[in-house]
Every structure is written in C-alpha cells, then in structure tokens.
Amino acid sequence: MILSLLAATVSVEGQVKKQATSPWPKVEQQMRPWTRWWWMGNAVDEKNLSAALAAYAAAGIGGVEITPIYGAKGFEDRYIDFLSPKWISMLNFTVKKAAALDMGVDMNTGTGWPFGGPQITPEFAASKLVVQRYTIPKGQSLSEPLLVQDEKQKKAGAVLQAVTAYATDGEVFNLFDQVDATGHLNWSPAAADAEIYAIFSGRTLQQVKRAAPAGAGYTLDHLDKASVDVYLKRFDQAFAGKSPGIRSFFNDSYEVYGANWSPAFLKEFKRLKGYNLSSHIRELTGKDSTSTESGRLKSDYRETMNQLLLENFTQNWTEWAHRYKSKTKNQSHGSPGNLLDLYATVDIPETETFGSSHFDIPGLRRDKADIRNVDPDPMMSKFASSAAHTGGKTLVSSETFTWLTEHFKTSFSQAKPEAEQLFLSGINHIFYHGTTFSPPDIPFPGWLFYASANMVPANSLWPHLKGMDDYFSRCQSLLQAGKSDNELLIYWPVYDAWASPKGLDMPMKVHDVDEWLYPTEFYRQSLKLAELGYSFDFASDHILAKAKASRGQLLTSAQASPYQTLIVPAARYMPLKTLEDILALAKNGATVIFQELPEDVPGWSNLEQNRAAFKSLIAGMGLKSLSTGLMGNTYGAGQLLQARDLHQALQFKKIEGEQLSRTGLKFIRRKLNEGKYYFLVNHTAKTIDEWIPLQAKAKTITILDPQSGDYGQALTQDKEGRTWVKVCLQPGETLFLQSGTKKADKSWVYLSQPAKALRLDKDWNLHFTQGGPALPADKHLDKLVSWTALNDSLTTAFSGSGVYSNTFMLPQKLQREYVLDLGKVNESAHVWVNGRDAGFIWSIPFRARIGKLLRPGKNTIKIEVANLMANRIRYMDQHHMPWRNYHEINFVNINYKPFDASVWEPMPSGLIGPVQITGYN
C-alpha cells in the first residue's frame with residue numbers, strides 16, 4: 001500500500017519520456033472518509049439509494065454506515081420494517097451499488113441505540129439490582145412477604161435472588177433458603193435486632209433510543225450471553241444463512257443506563273472472585289463514599305461486570321460477525337469495563353468526538369452560543385488507538401463532528417483541526433456524523449438528524465466537500481500505512497478507578513472523564529510526556545499479560561511495533577498477576593520505569609495471600625539509589641527504575657522525545673518497511689518557519705502536502721546526530737515528511753523572498769449560481785463585503801454559492817511561484833485561474849499555490865464561494881415555513897431545547913478578503 005506509484009513511460013515526438021513518480025499511494029475506499037448514514041423510518045427505495053450513493057462517491061466519501069432511526073411524520077406509508085424481507089432487499093441493493101461505486105458498507109447491528117428491540121422480552125432485558133430493606137426486632141419475625149414492591153418491576157418479573165440479615169451484634173446470615181414459595185421469611189433473630197436486605201434481579205426497562213420501525217423494544221442485557229444470542233438470532237433469521245456483504249457490524253457508544261446487574265451475576269461473581277457477594281450486599285449498596293473496604297468490594301464487583309461484558313457481549317458479538325465474514329467496529333467508551341480490553345477485542349476500535357475544541361488558529365470561529373460546554377480530549381481517543389496499536393490492527397476510527405457546532409453553522413475550517421487532533425491521537429479513519437438519506441421530493445433542507453453536522457447534498461457547502469474529503473483521504477492513506485511508531489507503553493491502573501467506594505457500576509463515559517480520568521497521575525503524566533515529545537500507547541493488565549520482551553523491547557503482539565520501555569504511573573492498586581507479568585518482562589530484558597511502586601493488591605478476593613505475595617515481590621526488586629531522585633536495579637536481563645520524575649528515568653535510559661515539539665508543532669509517526677512518515681500539524685497562532693530536528697538520521701526527506709497533493713525533496717542537514725528538516729507551516733497548515741533512502745523526483749519549492757503583493761480589492765463581479773430561498777441579482781463590488789452587508793434582503797437570507805470574477809495583470813517575467821491568499825472566506829472557495837481549476841480552498845489559512853496557472857500580462861480569476869445553511873434556515877423559521885416534523889425527539893438545538901433559528905443574527909457570508917497574489921523568487 002505504501003509503495004510509490006510505478007513510473008509510466010509515454011512516447012513524445014519519438015522520444016521516451018518518464019512521468020513523475022509520485023510518493024502518494026493510491027487512495028482506496030477505506031482511506032476515504034466514511035459517513036454514518038441514517039435511514040429515517042427506513043423510507044428508502046432503490047432508485048433514490050442509487051442516486052444518493054453516486055452523489056456521496058462523487059464528493060469523495062468512501063463508504064456508508066447504515067443506522068436506521070425514527071422517521072418523518074406524514075411519510076409512514078414509505079416506512080419499511082427493520083430486517084423485513086423488503087428491508088433486506090434494500091440492504092442487498094445498497095451493498096451491490098456501493099461496490100460498483102468502489103464504496104464500502106457498514107451496518108449498525110440494530111436501530112438507534114443501544115442494542116435492543118422487539119425480540120428482547122423482559123427475561124432478556126437490561127437488568128438492575130433492586131434492594132429492599134426491612135428491620136426485625138430481636139425474637140420477632142417479618143410479617144410481610146419478600147416480594148418486589150415496585151409495580152413496574154412486578155410486571156417485568158423481578159426475581160428474588162438473595163436475602164441477607166445483618167444483626168446488630170455483627171452476625172451475618174444468608175437466609176435465601178428460608179424464604180418459602182409465598183415469599184415469607186421463616187426466620188427470626190435470636191440474639192439481637194437485625195436488618196434484612198432482600199435483593200431482586202430487576203429490569204432497567206430502558207427502551208431503544210431513536211428506534212426505527214420494527215426496532216423498538218427493551219435494551220438487551222449485555223452481561224448475559226443468552227440475551228445477546230436471542231438478540232442476534234433475529235439477524236440470523238433475516239439473513240437466512242447468507243452473508244449480507246457488510247464490511248463491518250457497528251455498535252454505538254454504550255449508553256445502557258442503570259444496568260448494574262444480570263440474573264446470573266451472583267453465580268458469576270462466585271466463579272470469578274471465589275466468595276459470595278450476597279454476604280456483602282449492605283457494603284455493596286451502602287452510601288459510604290469514603291470506605292476503603294467498600295471500595296475493595298466494589299472493585300471485585302466492577303471487575304466481574306467487566307468480564308461478563310467482555311465475554312458475553314463483545315467477544316460473542318465479534319465471533320458472530322466473523323461467521324458472516326464481516327468485522328466488528330465498536331465504541332467501547334461509556335462501558336462499565338476496561339476500555340482498552342473492550343476496544344482490543346473487536347476488529348476496529350472506534351472513538352468519538354463530541355463538542356468542539358479550542359484551537360489558537362487565528363480567525364477560527366468559536367462562538368460561545370453555538371458550541372457545547374465540552375471539549376473532546378485527545379487522551380480519551382488514545383484508548384481506542386492504543387487498543388489498535390498494541391494489537392497490531394490497521395484501522396482505528398472515529399465518529400466525528402457530533403455537535404461540533406449548532407446546526408447549520410459548521411464550517412470546514414472548524415472541522416479540519418478537530419479531525420487533525422484525532423489523527424494526532426492515532427485515529428486513521430474518519431466517520432462523519434453524519435448524513436441523512438432524504439428523497440429528492442423532500443423540500444430544502446430535506447430530512448435531517450438532530451445531532452448531525454449535516455453532511456448532506458442539501459448543505460450549501462456540499463459542492464466543496466470533495467476538497468475536504470480529498471484532504472482527509474490523503475492523510476488517511478499515509479496514516480493507515482505501515483505501523484504505529486510509539487516508543488513508550490504506559491500502564492493504565494484501572495483498579496484505582498474501580499476501587500472508588502462511590503456508586504455501583506462505573507461506566508467509563510466520555511462526559512465523566514473529570515471523575516475517572518482527570519484526577520489520576522496516569523492522565524497527568526501522559527500529558528506531560530506528550531508535551532516533552534514522547535509518543536506512547538496505553539496498556540491494560542490483559543495486554544501486559546500477553547506481552548513479551550525481546551532484545552530489550554516490549555512486544556504486545558506479533559503484528560505490533562515494539563516499545564522501548566514500560567511506564568507504570570503512580571498507582572495505589574495493582575493485581576498480583578499484573579506485577580508478576582511486569583517483573584517477568586523485566587527479567588526477560590525489558591526496561592520498566594515506575595513513577596512510584598504500587599501499594600497493594602485490589603479487591604477482597606484471596607486478599608491476605610495475594611497481599612503477602614505482592615509485598616514479597618516488591619521487596620525482591622532490590623531498588624537502590626542511582627542518583628538524586630532515581631532508584632533502580634538490574635532485574636534478570638532487564639532493568640527496573642523508579643523516579644517521581646519519569647523524564648529523568650527516560651533520560652537515564654537515553655530515550656528522548658521528539659525535540660520538534662518545542663516549536664509548537666504536534667506530530668505523529670508511522671513506521672514503514674523503509675523509513676517513516678511524520679504528520680506535522682501547526683495549531684498554533686504563529687507561522688513556524690525553521691529547521692526542525694527529527695529523532696533519527698535519514699538519508700532523504702520528502703515533503704508531502706495533503707492539502708494539494710504536491711510533494712518534493714526537502715532541504716535537510718545532519719547535526720547533533722539527527723537529521724534536521726526545513727519546514728514552513730502557516731497556522732492551520734499541515735504536512736507529511738517521509739524519511740527513506742529514495743529521493744523524490746523534484747525538489748520542494750520553499751517560499752522565501754516574497755515580492756510585493758498584488759491586491760485585488762475592487763472591481764469584482766458577483767453572480768449567484770445555486771441556492772435559495774431565491775437567487776439574488778448580480779452585483780458589481782468596489783469593495784469585498786459580506787453578502788449580509790449588501791443592503792439586499794435576498795442576499796441576507798441566501799444560502800448557496802456565488803461566483804466572483806476579476807482580472808489582473810502580471811509582468812512579462814514571472815516569479816518562481818505565486819501564492820493566492822483569499823483572506824477571510826465565509827466559508828469555502830473553489831478557484832479557477834485563466835479557466836483552469838486551481839482547486840478547492842476550503843479552510844484557514846485559505847491559501848494556495850497558483851504559479852503554474854499564471855501567464856504574463858492579463859489573467860482571469862473566478863472564485864466560487866459557498867456559505868453556511870444558517871441564513872436560509874433563519875429565513876424559513878422567521879417566515880414560519882415548516883421543515884422539521886419528525887417522530888421521537890423531532891429536531892432540537894445544541895442544548896437539546898426546541899430548535900428556533902428565527903432569533904439568530906445573520907452569519908457572515910461570501911468572500912471578505914483581502915485577496916492577494918504574492919510572488920516568490
């Protein structure tokens with residue numbers, strides 16, 4: 001995949017001339033961005049599916065992820081029941097048509113989210129622990145039967161599972177076998193008053209959210225294999241033993257609320273932890289949020305829940321998908337389990353971005369009223385990428401741009417750095433959130449989903465989407481090449497989180513990172529190491545159990561890249577088995593760096609024996625002072641180090657971070673069979689124009705520009721044992737460096753010695769070409785201003801495209817290169833110079849090289865600008881024009897309130913400038 005394209009030969013006037021050999025790989029379907037594709041009410045048909053897929057392919061989208069959801073009101077006669085023969089026919093048609101367009105198809109294994117539906121009866125529904133308490137005085141008995149009191153739980157068939165008495169003298173009695181068939185307890189406390197805890201296996205009664213026709217029903221019990229099997233059997237029956245041709249089956253983020261139990265939980269807990277949980281119900285359900293002993297019990301409880309989710313759902317579902325020759329793609333975040341293991345179990349781990357991030361890029365709009373008060377955290381995304389990297393998996397994806405801004409106000413300039421931040425976190429496949437199928441007879445804006453960035457043909461930016469799609473495709477073509485190239489493996493001490501005495505189950509939610517992630521030394525040290533230029537992945541206890549030491553490095557799988565050292569951040573709890581595995585790695589030649597030595601083993605299971613063995617291993621490490629702040633010892637063929645300052649220990653081992661990070665550039669590397677890729681990103685407010693050092697020496701460096709697809713041999717110099725590369729990046733720009741032994745067939749053109757800029761600030765003709773609510777009349781502009789400042793109600797309400805045209809003169813002797821700078825653009829542009837396509841200029845800094853298109857004397861320029869949908873939607877709401885009428889949640893704003901654009905201020909639109917053309921010698 002990463003090999004350069006073969007040079008072709010052509011005959012020109014009798015001579016053989018070689019074409020340029022591009023270092024860019026051929027872009028395949030999985031390298032292009034894909035999109036979540038909502039089928040509203042499953043109201044689809046072959047003719048319009050075909051047209052929609054063709055439009056997506058033309059825009060550069062590589063595949064669709066089908067998610068059926070609720071439908072639009074008034075179109076019920078078009079609805080198709082989920083998994084019905086007609087629905088399967090539509091699916092088969094989609095797969096066949098997509099293949100003809102070189103597109104792929106993924107499919108949600110359900111409708112809406114989370115998994116559930118009509119096949120899930122209460123017996124198989126998501127479960128919750130129901131606790132009822134009673135007090136019995138000494139010598140008396142309980143008169144009322146132990147029956148569940150909640151009427152909803154009665155109807156759902158809640159089952160009594162344990163009865164435990166806690167006497168005031170400290171005695172504990174398990175009394176389940178003393179409850180008769182009518183629910184009466186045949187027992188009385190003889191020596192002291194007693195408190196009775198009766199626990200029932202109840203149901204959460206949660207329904208599938210945003211369900212499609214024939215998709216409504218209870219959410220399934222993910223912890224119970226029988227429930228998962230019943231759920232999947234409906235798909236087996238619909239598929240009739242035939243593979244549907246799906247690339248991968250998808251599962252959205254785990255949003256199963258209050259599901260803290262399963263009917264077999266007591267039995268499974270005893271199997272996994274070796275003691276009876278029913279004897280500790282008071283501690284499990286107590287409100288003491290400070291008790292260490294309660295935290296130990298809850299650690300065992302949460303570890304059991306993790307194991308049940310892993311075995312009975314994630315592994316089970318993945319094995320099921322493999323029987324259909326498909327993969328699984330899972331958003332593990334939000335699950336009450338070890339995210340790394342849950343991500344690692346599936347074929348394609350998937351993270352998500354929710355909300356918008358702050359970037360220092362000048363001119364990047366981030367209006368407070370149009371964003372949610374949440375920032376996507378790159379460290380959160382690294383859980384998914386780490387699972388992929390440690391397992392040697394090629395792909396790791398992301399649901400992208402969910403609630404990036406308020407509806408109809410998302411620009412490509414806002415989307416670009418958000419996606420780049422994902423790339424820097426190790427994500428290499430973008431899934432837009434998303435695209436709604438809408439038939440052509442539905443007036444503007446068509447059918448829309450309420451939490452979407454609206455990547456739909458009705459979007460006024462759609463004509464320019466291919467510019468962004470091509471950029472992402474080029475990036476992903478390189479980021480999917482080779483293997484990850486991270487030097488550090490960082491242990492995630494999940495047992496510290498599981499030991500919290502607060503609450504019961506512990507979903508590791510994106511929105512709760514301030515509880516389970518941010519307060520940890522693991523998180524703080526990860527941030528610090530990233531700032532120092534280190535690259536790393538996270539490892540779970542299970543990943544370390546499978547790891548091996550070889551030639552002083554750590555191997556987590558045969559397909560993964562090796563790591564130079566293992567980092568163990570300060571952790572209170574570590575399982576005995578994990579400490580044994582870590583020391584075995586050191587004994588076999590690995591270097592292990594502890595920030596601090598772990599204090600104890602987690603849980604109550606076999607506590608004293610495990611604790612004694614644990615302390616013995618710690619004592620046997622034999623650490624001694626090596627220098628101020630650094631302890632260490634040789635351990636077998638490897639080495640153990642301990643330092644509060646991890647950087648000190650890394651320097652002691654001569655493991656350095658990338659010094660280029662000191663410039664403000666961010667980066668990620670990929671390791672090739674020969675050489676490496678560096679992805680460099682400038683999200684700062686300054687231009688970075690300087691020599692930057694790479695960690696290792698390289699014979700040659702090629703610069704690849706993912707924006708334009710251009711490339712060239714970089715200027716390099718060797719000093720201080722490293723290769724230094726000359727780079728120049730404006731705020732918001734990126735580039736790739738490819739190190740290797742083969743020189744590019746041309747040199748990179750560096751922009752230096754600028755001539756005086758030619759300003760094109762007047763005499764523009766503006767012609768509106770497509771959009772609405774109506775096309776404004778042509779304009780002649782002596783000054784570039786927003787369409788909303790033209791004193792024309794039509795241009796204020798307009799969303800669509802307008803073409804600016806002008807002419808300019810150049811001298812007979814042209815400069816070596818010219819750069820077109822459009823200045824401020826609201827929001828995207830497509831440029832032609834002298835009738836030739838100069839490409840899409842769709843994001844900040846709105847610059848492009850155009851030297852090859854220019855000529856001496858008179859030149860023409862045409863700039864098509866597309867604005868946001870916002871102004872047209874504002875006009876429609878102000879004039880009470882109906883456009884949103886859906887079942888379920890209908891259509892809400894970014895704060896989940898009823899949507900109303902009539903109160904918005906008009907959004908700036910068009911070419912604002914100043915437009916300049918600058919020559920460079």
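Residues numbered from 1 in each chain as written. Predicted model: local features only at pLDDT ≥ 70, side-chain atom pairs only at ≥ 80, totals over all residues. Heavy atoms only, no water.

### Here we look at the nonpolar core
Next, step 1: Judged by nonpolar contacts, the single largest core of 206 residues is most densely connected at Trp 37, Trp 87, Met 107, Phe 383, Phe 408, Tyr 450 and Phe 679.
Next, step 2: Per element, the largest residue contribution to this core is 10 residues, and it comes from helix α7 (residues 292-323).
Next, step 3: If we ignore the near neighbours within four places in the chain, the residues touching Trp 87 are Trp 39, Asn 42, Ile 66, Pro 68, Ile 80, Asp 81, Phe 82 and Met 107.
Next, step 4: In this structure, Phe 359, Leu 784, Leu 810 and Ile 861 belong to the second largest nonpolar core, which totals 36 residues. (Core = buried A, V, L, I, M, F, W, Y, C linked by side-chain atoms within 4.5 Å. Buried < 20%, exposed > 50% of the residue type's maximum accessible area, 1.4 Å probe, protein only. Helix = DSSP H or I, 4+ residues; strand = E, 2+ residues; numbered from the N terminus. Contact = heavy atoms within 4.5 Å.)

### Quick look at the side chain of Glu 827
Next, step 1: You can see Glu 827 is positioned in the loop between β40 (824-826) and β41 (828-833).
Next, step 2: Here Glu 827 falls in the buried class, since its relative accessible area comes to 4%.
Next, step 3: A polar contact is formed between the side chain of Glu 827 and the side chain of Asn 826, at a distance of 3.3 Å.
Next, step 4: When neighbours within four sequence positions are excluded, Glu 827 is seen to be in contact with Arg 365, Ser 411, Leu 461, Trp 842, Phe 846, Val 865, Ala 866, Asn 867, Leu 868 and Pro 908. (Polar contact = N/O pair within 3.5 Å; in protein donor to acceptor, adjacent residues only side chain to side chain.)

### Here we look at the pattern of salt bridges
Next, step 1: Under the definition given, this model contains 41 salt bridges.
Next, step 2: Residue Glu 487 pairs with Arg 669 through a salt bridge whose shortest N-O separation is 2.6 Å. Here the residue Glu 487 occupies a position in the loop between β17 (483-484) and β18 (488-491), and Arg 669 occupies one in strand β27 (residues 666-671), the gap between them amounting to 182 residues. Arg 669 shares its class with Glu 487; the two are buried.
Next, step 3: The structure contains a network of salt bridges with shared partners spanning Arg 36, Glu 65, Asp 106, Arg 247, Asp 252, Lys 329, Glu 350 and Glu 399. (Salt bridge = Lys/Arg side-chain N within 4 Å of Asp/Glu carboxyl O.)

### Thoughts on helix α9 (residues 378-390)
Next, step 1: Its 13 residues give α9 an end-to-end C-alpha distance of 18 Å, which sits within 8% of 18 Å, the value for a rise of 1.5 Å per residue.
Next, step 2: Along α9, the sharpest change in direction is near 30° and occurs at Ala 384.
Next, step 3: Of all 13 residues in α9, 12 are buried, a share of seventy percent or more.
Next, step 4: Among all positions in α9, only Met 379, Met 380, Ser 381, Lys 382, Phe 383, Ala 384, Ser 385, Ser 386, Ala 387, Ala 388, His 389 and Thr 390 are buried.
Next, step 5: Of the residues that open α9, the one with a side-chain oxygen 2.8 Å from the backbone nitrogen of Met 379 is Asp 377. (Expected span 1.5 Å × (residues − 1). Bend = angle between axes of the 7 residues up to and from the residue.)

### Focus on the sheet that holds strand β10 (residues 194-203)
Next, step 1: On the basis of which strands lie adjacent, the open sheet formed by 4 strands has the order β7-β10-β8-β9 and antiparallel pairing. Looking at the sheet topology across the chains shown, the edges are occupied by β7 (127-136) and β9 (172-174). Taking the axes of each pair of neighbouring strands and ignoring which way they run, one obtains an average angle of 20° across the sheet.
Next, step 2: Sheet analysis places strand β8 (residues 159-167) next to β10, joined by 8 bridges and oriented antiparallel. Bridging across to β10, Leu 160 finds its partner in Phe 200. (Pairing = 2+ DSSP bridges. Axes fitted to C-alpha atoms, helices over the stretch in contact; angles between N-to-C directions.)

### Here's the deal with the environment of Gly 295
Next, step 1: Note on placement: Gly 295 falls in helix α7.
Next, step 2: C-alpha of Gly 295 to C-alpha of Pro 501: the two residues are 206 residues apart in sequence and 4.1 Å apart in space.
Next, step 3: For Gly 295, the residues in contact, after removing those within four places along its chain, are Trp 498, Ala 499, Ser 500 and Pro 501.

### Notes on the pairing of strand β30 (residues 700-704)
Next, step 1: The buried fraction of β30 is high, at 5 of 5 residues.
Next, step 2: Because side chains alternate across β30, one face comprises the buried residues Thr 700, Thr 702 and Leu 704, and the other comprises Ile 701 and Ile 703, equally buried.
Next, step 3: Judged from the 5 bridges that link them, β30 and strand β34 (residues 734-740) form a sheet pairing that is antiparallel. Across the sheet, residue Ile 703 finds its bridge partner in β34, namely Leu 737.
Next, step 4: Pairing between β30 and strand β31 (residues 711-713): 3 bridges, direction antiparallel.

### Observations concerning the side chain of Gln 525
Next, step 1: Inspection of the secondary structure puts Gln 525 in helix α14 (residues 521-531).
Next, step 2: In this structure Gln 525 touches Gln 595 and Leu 646, once residues within four positions along its chain are discounted.

### Digging into the environment of Lys 329
Next, step 1: Position of Lys 329 among the secondary structure elements: in strand β13 (residues 327-330).
Next, step 2: Between the C-alpha atoms of Lys 329 and Ser 248, which are 81 residues apart in sequence, the distance is 6.2 Å.
Next, step 3: Among the polar contacts made by the side chain of Lys 329, one reaches the side chain of Glu 65 at a distance of 2.5 Å.

### Quick word on the sheet that holds strand β24 (residues 624-627)
Next, step 1: Here 7 strands make up an open sheet; going across it, the order is β19-β18-β22-β23-β26-β25-β24 and the pairing mixed. The outermost strands of the open sheet, each flanked by one partner alone, are β19 (536-539) and β24. Taking the axes of each pair of neighbouring strands and ignoring which way they run, one obtains an average angle of 30° across the sheet.
Next, step 2: Relative to strand β26 (residues 638-642), helix α16 (residues 576-587) is tilted by about 125°, and along the sheet it contacts β18, β22 (565-568), β23 (591-594), β25 (630-635) and β26.

### Some thoughts on helix α4 (residues 225-239)
Next, step 1: An ideal rise of 1.5 Å per residue puts 21 Å on 15 residues; α4 measures up with 21 Å between its terminal C-alpha atoms.
Next, step 2: Among the residues of α4, those classed as buried are Ser 227, Val 228, Tyr 231, Leu 232, Arg 234, Phe 235, Ala 238 and Phe 239.
Next, step 3: Residues of α4 that are buried make contact with α2 (85-100), β5 (104-108), β6 (116-117), β12 (248-251) and α7.
Next, step 4: Just downstream of α4 lies Ala 240, where phi reads positive at about 55°.

### Re the pairing of β19
Next, step 1: Neither face of β19 is exposed, since Phe 536 and Phe 538 on one face and Asp 537 and Ala 539 on the opposite face are all buried.
Next, step 2: Taken together, the 4 bridges between β18 and β19 define a ladder with parallel strand orientation. Paired with Tyr 491 across the two strands is Ala 539, which belongs to β19.

### Here's the deal with the packing of aromatic side chains
Next, step 1: Taken as a whole and judged by the stated rule, the model has 63 aromatic pairs.
Next, step 2: For the cation-ring pair, Lys 719 lies above Trp 724, with the distance from its terminal atom to the ring centre recorded as 4.2 Å.
Next, step 3: Stacked on the ring of Tyr 711, the Lys or Arg Lys 746 has its end atom at 4.6 Å from the ring centre. (Phe/Tyr/Trp six-rings, centres within 6.5 Å; stacked < 30°, edge-to-face > 60°. Lys NZ or Arg CZ within 6 Å of the ring centre and 35° of its normal.)

### Topic: the confidence of the model for the protein chain
Next, step 1: For the protein chain, the average pLDDT comes to 96, and 98% of its residues sit at 70 or higher.
Next, step 2: Note that residues 1-18 has pLDDT below 50 and, in this model, 30 contacts with residues that lie over four places away or in other chains. (pLDDT = per-residue confidence, 0-100.)

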